[in-house]
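Remarks on the overall topology
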Amino acid sequence: MPPTNLKDNPALQAPKRNKPLFTPGTAQNQALVIFVLGGPGAGKGTQCANIVRDYGFKHLSAGDLLREEQDRQGSEFGDMIKDYIKEGQIVPMEVTVQLLENAMTHEIETSGNRRFLIDGFPRKMDQAVAFEEKVVPSKFTLFFDCPEETMRERLLNRGKTSGRADDNEESIKKRFRTFVETSMPVVEMFEGEGRVVRISATQGPEEVYEGVKKGFAERGLEMVEK
Ligand code: C5P
Ligand code: MG
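The rules behind each value
- Residues numbered from 1 in each chain as written.
- Chains lettered and ligands numbered in written order.
- Predicted model: local features only at pLDDT ≥ 70, side-chain atom pairs only at ≥ 80, totals over all residues.
- Heavy atoms only, no water.
- Axes fitted to C-alpha atoms, helices over the stretch in contact; angles between N-to-C directions.
- Helix = DSSP H or I, 4+ residues; strand = E, 2+ residues; numbered from the N terminus.
- Parallel < 35°, antiparallel > 145°, perpendicular 65-115°, else oblique.
- Left-handed = near helix turned anticlockwise from the far one by under 90°.
- Contact = heavy atoms within 4.5 Å.
- UniProt positions renumbered as here; feature names shortened; annotations may be inferred.
- Buried < 20%, exposed > 50% of the residue type's maximum accessible area, 1.4 Å probe, protein only.
- Expected span 1.5 Å × (residues − 1).
- Near = heavy atom within 4 Å.
- Polar contact = N/O pair within 3.5 Å; in protein donor to acceptor, adjacent residues only side chain to side chain.
- Areas by Shrake-Rupley, 256 points an atom, 1.4 Å probe, with all protein chains shown as cover.
- Nonpolar A, V, L, I, M, F, W, Y, C, P; charged D, E, K, R; others polar.
- Salt bridge = Lys/Arg side-chain N within 4 Å of Asp/Glu carboxyl O.

This part covers the packing of helix 4 (residues 93-111) against helix 5 (residues 125-134). Here helix 4 crosses helix 5 at 40°, and the two axes come no closer than 10 Å. It follows from the interaxial angle that helix 4 and helix 5 lie oblique. Pair helix 4 / helix 5 crosses with right-handed handedness. From helix 4, Met93, Thr96, Val97, Gln98, Leu100, Glu101 and Met104 reach across to helix 5, where they touch Asp126, Gln127, Ala130, Phe131 and Lys134.

Structural data, given as structure tokens:
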């Protein structure tokens, strides 16, 4: 991995803050954030689409935002992001936290929606700490629990059509290792704080979604009327 010194990069110099940008909630100056974690191929994206439809959340996928930034003309982070993604490694958090903050602010300004499902984030302890200190503490983390063998099958299947540079055997192995070594400690930290809703994600999408709805109801989240 190339050396990165992002701390001095002017594009990432958000104003210094001694408290988060938002407090948790949906009123003025607030934002409601649910983190969505689970191994690669656990079904995070699929379930997020259900939740967006029924609960009125805005879906922000950290991986999608990174791929978008990678492809954005003139991005100074493009090459770096590409290398990290290919290797299944976690992109330096300054970039990802800033992309998320920008996307949230944009959504609030344009639609007024203050409910966010942040998918595939935080995947490393420093991301979790920086986001909650700088942007907003999350309400809870939705964790999709799935055995590696099932995830591997799903990813290889998806790889036939996804066009993703990392849905291949070699990248998948690296992504699993990163997940176990780097991302699971984050889930365990939140779990120790009683801030995880754990869902079994082995079955099909409908069965998994039943678990999600139950978990949301237990945390006092209601479906929105259409
Ligand atoms: O979530 P998704 O599988 O789309 O993420 C793809 C890749 O993007 C990850 O393997 C990692 O390289 C990068 N990523 C990251 N930090 C995140 C989310 C994704 O570095 N929070
Ligand atoms: Mg995804």
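Next comes the rest of the description.
Attention shifts here to the UniProt feature "binding site: a ribonucleoside 5'-phosphate" (unreviewed entry) in the chain. On the UniProt side, "binding site: a ribonucleoside 5'-phosphate" (unreviewed entry) is annotated at positions that read Arg67, Gln89, Ile90, Val91, Gly120, Phe121, Pro122, Arg123, Gln127, Arg164 and Arg175 here. The greatest C-alpha distance among the residues just named is 23.5 Å, and with 109 residues of sequence between them they are spread in space as well. Take Gly120: it is sitting in the loop between strand 4 (115-119) and helix 5. Tracing the backbone shows Pro122 in the loop between strand 4 and helix 5. The exposure class assigned to Pro122 is buried, which follows from its relative accessible area of 0%.

The next thing to look at is helix 6 (residues 148-162). Taking 1.5 Å per residue as the helical rise, helix 6 with its 15 residues ought to reach 21 Å, and the 19 Å between its terminal C-alpha atoms agrees with that figure. Positioned one or two residues after helix 6, Gly163 has a phi angle of 70°, which is positive.

UniProt marks Gly41, Ala42, Gly43, Lys44, Gly45, Thr46, Arg158 and Gln203 with the feature "binding site: ATP" (unreviewed entry), using the numbering shown here. Along the chain, Ala42 falls in the loop between strand 2 (30-38) and helix 1 (44-55). If you trace the backbone, Thr46 turns up in helix 1.

With that out of the way, let us pick up the site of ligand 1. Lining the immediate environment of ligand 1, one finds 16 residues, of which Arg67, Gln89, Val91, Gly120 and Arg164 sit closest. Within the contact set of ligand 1, an oxygen atom lies 3.0 Å away from a side-chain nitrogen or oxygen of Arg123. A total of 460 Å² of accessible area belongs to ligand 1 in isolation, and the protein chains cover 96% of it. The leading source of residues in the shell around ligand 1 is helix 2 (residues 62-71), at 4 residues. Taken together, the residues that form the shell around ligand 1 break down as 7 nonpolar, 4 polar and 5 charged.

Turning our eyes to something else, we now look at the pattern of salt bridges. Where charged atoms of side chains with opposite charge meet at close range, the side chains can pair. Counted according to the given criterion, the structure contains 20 salt bridges. When the shortest N-O distance is used, the salt bridge between Asp54 and Arg53 registers 3.0 Å. Classification of Asp54 as buried rests on a relative accessible area of 14%. The partner of Asp167 in a salt bridge is Arg175, and the shortest N-O contact between them spans 3.0 Å. Relative accessible area serves as the criterion here: at 7%, Asp167 is assigned to the buried category.

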